[in-house]
There are 2 protein chains.
Amino acid sequence: MASHLTYIRDPAAIYAKSFETIRAEADLSRFPKGMDALVIRLIHACGMVDLASDIAFSDGAFEAGQAALASGAPVLVDAEMVAHGIIRRLLPKDNEVICLLNDPRVRPLAGEIGNTRSAAQVDLWGDRLEGAVVAIGNAPTALFRLLELIAAGGRKPAIILGFPVGFVGAAESKESLIGDSSRIPFIAVRGRRGGSAMAAAAVNALAGGLGAND
Amino acid sequence: MASHLTYIRDPAAIYAKSFETIRAEADLSRFPKGMDALVIRLIHACGMVDLASDIAFSDGAFEAGQAALASGAPVLVDAEMVAHGIIRRLLPKDNEVICLLNDPRVRPLAGEIGNTRSAAQVDLWGDRLEGAVVAIGNAPTALFRLLELIAAGGRKPAIILGFPVGFVGAAESKESLIGDSSRIPFIAVRGRRGGSAMAAAAVNALAGGLGAND
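Given the structure is predicted, the values throughout are model-derived calculations rather than measurements. Counting restarts for each chain: residues are numbered from 1 in the order of the written sequence. Starting at A for chains and at 1 for ligands, labels are handed out in the order in which the entities are written. In view of the model being predicted, local features appear only for residues whose pLDDT reaches at least 70, and side-chain atom pairs are presented and counted only at 80 or more, with totals across whole chains, interfaces and linings using the full set of residues. To obtain the side-chain values, all non-hydrogen atoms of the structure were used and water was disregarded.

Draft legend 1. Representation of the UniProt feature "domain: Cobalamin biosynthesis precorrin-8X methylmutase CobH/CbiC" (unreviewed entry) in chain A in the model. As recorded in UniProt, the feature "domain: Cobalamin biosynthesis precorrin-8X methylmutase CobH/CbiC" (unreviewed entry) lies at residues 14-207 of chain A. Counted over residues 14-207 of chain A, helix gives 45% and strand 11%. Its end C-alpha atoms are 21 Å apart. UniProt positions are given in the numbering used here, feature names are shortened, and annotations may be inferred rather than shown by experiment. Under the scheme used here, helices are H or I runs from DSSP no shorter than 4 residues and strands are E runs no shorter than 2 residues, and both carry numbers assigned from the N terminus.

This is the structure we're talking about:
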């Protein structure tokens, strides 16, 4: 029989209780308004309240990202999972969400530049990079490549959301972002943690604060 | 200038070094062959070696999942992000990957059964559930609903990959799965951690072991 499972089934109640639990357990005291909501969404996406202590951000980054979306800037992402985690109806200007990882030009270009497909796609962002919201949720090489192109005089995004994950280059690429001399606004998680759910959650927070998803 | 960034750019080398680091740092001793590769992929997806200690699985679950895929079973997932994290070319029989969250029937059905859209989609899996690989990477309510339907005499999947994430019902739904009297093979992560990247990584490990992605 099925009646032995009791659980909350109302999506609004689930959201409310989740955010309430996070506010009760996480130390959000160092985050200004806006950033606190974004950090709550990040924690909500991964289930770990201690993530708060690893979040790095530049002054005004939240507002810069919000303003970019409000002006209709595109969202450039490194993985299809990030693209599919972005809640489209929260985007204020029906902003374009662009992932070029599976673009047919990417594989040959990766061979040409001697880098991953994730990194090669960054070369194809071209003019769209100027003033864009960039969300990296998977590949350290994509973030490294972006910083390289910017350092070489390339176009500059409005904000970089840095959430590559893993054991090779993830921590290092995010430290490069945090210490980058180009001073592009950023929000990132230090260390190995990250992922497409966090990258998408950051975009969703810029777009809609703590508005519910369902 | 751009030359200040030195990082590994070769995808095969990145995979090899990632897996090597995980093997060196994670305690994989309690996992039988197959499961060890799956746990490595889970850790690779989230950047946390201590995840190993939270993995629960039933005897033979890895083989059951592998056999289901080899027989052409569909993969039923609760979120588009899970669907887009599955590496299609690893699937041995070009297995169908199905996410019904955005099916137009889901919203009215959710209202009818008084549950989330994530849970309501499970009701639409119907006959396809029999012998399927189910991967839950987001919603505790989807896993609870699945267990309810099975307990009520519904169709049985070949394996349940339980990776719902978060603060409301995630830990509880996975404990329900682990203790479920229907004895369906399962692999899950205990507690609040989880997510679509882990759910997809589990499917990818069943499909292709530690084969590289790029």
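Draft legend 2. Examining the interface of chain B and chain A more closely. Contacts between chain B and chain A engage 48 residues on the former and 47 residues on the latter. Summed over both partners, the accessible area lost on bringing two parts together, with a 1.4 Å probe, is the buried area. Counting each side, the surface lost to burial between chain B and chain A is near 4,000 Å², with a carbon and sulfur contribution of 65%. When the buried area of chain B at its contact with chain A is split by residue, Met81, Phe167 and Val168 of chain B rank highest and sum to 18% of it. The term salt bridge refers to a pairing of a side-chain nitrogen on Lys or Arg with a carboxyl oxygen on Asp or Glu at a separation within 4 Å. Our enumeration of links across chain B and chain A arrives at 4 salt bridges. Residue Arg192 of chain A pairs with Glu25 of chain B through a salt bridge whose shortest N-O separation is 2.8 Å. Pairing of N or O atoms within 3.5 Å defines a polar contact, subject to two protein rules: one partner must be a possible hydrogen donor and the other a possible acceptor, and residues neighboring in sequence count only if both atoms are side-chain atoms. The tally of links between chain B and chain A comes to 11 residue pairs in polar contact (both at pLDDT 80 or more). If you list the elements that add at least two residues to the side of chain B that touches chain A, you get α1 (11-25), α2 (35-46), α4 (80-85), α7 (140-151) and α9 (196-208) of chain B. We call two residues contacting when some pair of their heavy atoms lies within 4.5 Å.

Draft legend 3. Structural context of the sheet that holds strand β5 (residues 159-162) of chain A. Residue and element names in this part refer to chain A. Paired strands are those between which DSSP finds at least two bridges. Reading across the sheet, the 6 strands line up as β1-β6-β5-β4-β2-β3 and stay open at both edges, with mixed pairing between neighbours. With one partner strand each, in any of the chains shown, β1 (55-57) and β3 (97-99) form the two edges of the open sheet. Strand-to-strand twist in this sheet, taken as the mean axis angle between neighbours without regard to direction, amounts to 15°. As judged from the 3 bridges shared by β1 and strand β6 (residues 186-189), these two strands associate in the antiparallel manner. Bridged to Ile55 within β6 is Val189. Axis lines are fitted through C-alpha atoms, for helices just across the contact stretch, and the angle between N-to-C directions can take any value from 0 to 180 degrees.

Draft legend 4. Inspection of the relation of the copies chain B and chain A at higher detail. If you rotate chain B by 180° and push it 0.0 Å along the axis, it lands on chain A with an RMSD of 0.0 Å. Both copies of the chain, as the preceding transformation shows, are related through a two-fold rotation axis. Measuring from the rotation axis to each C-alpha of chain B, the shortest distance belongs to Met81 of chain B, at 2.4 Å. In this assembly, 98% of the residues forming the interface of chain B have copies in chain A that are likewise at the interface, indicating an isologous arrangement. For this overlay, a least-squares fit was computed on C-alpha atoms, restricted to residues scoring pLDDT of at least 70 in both copies.

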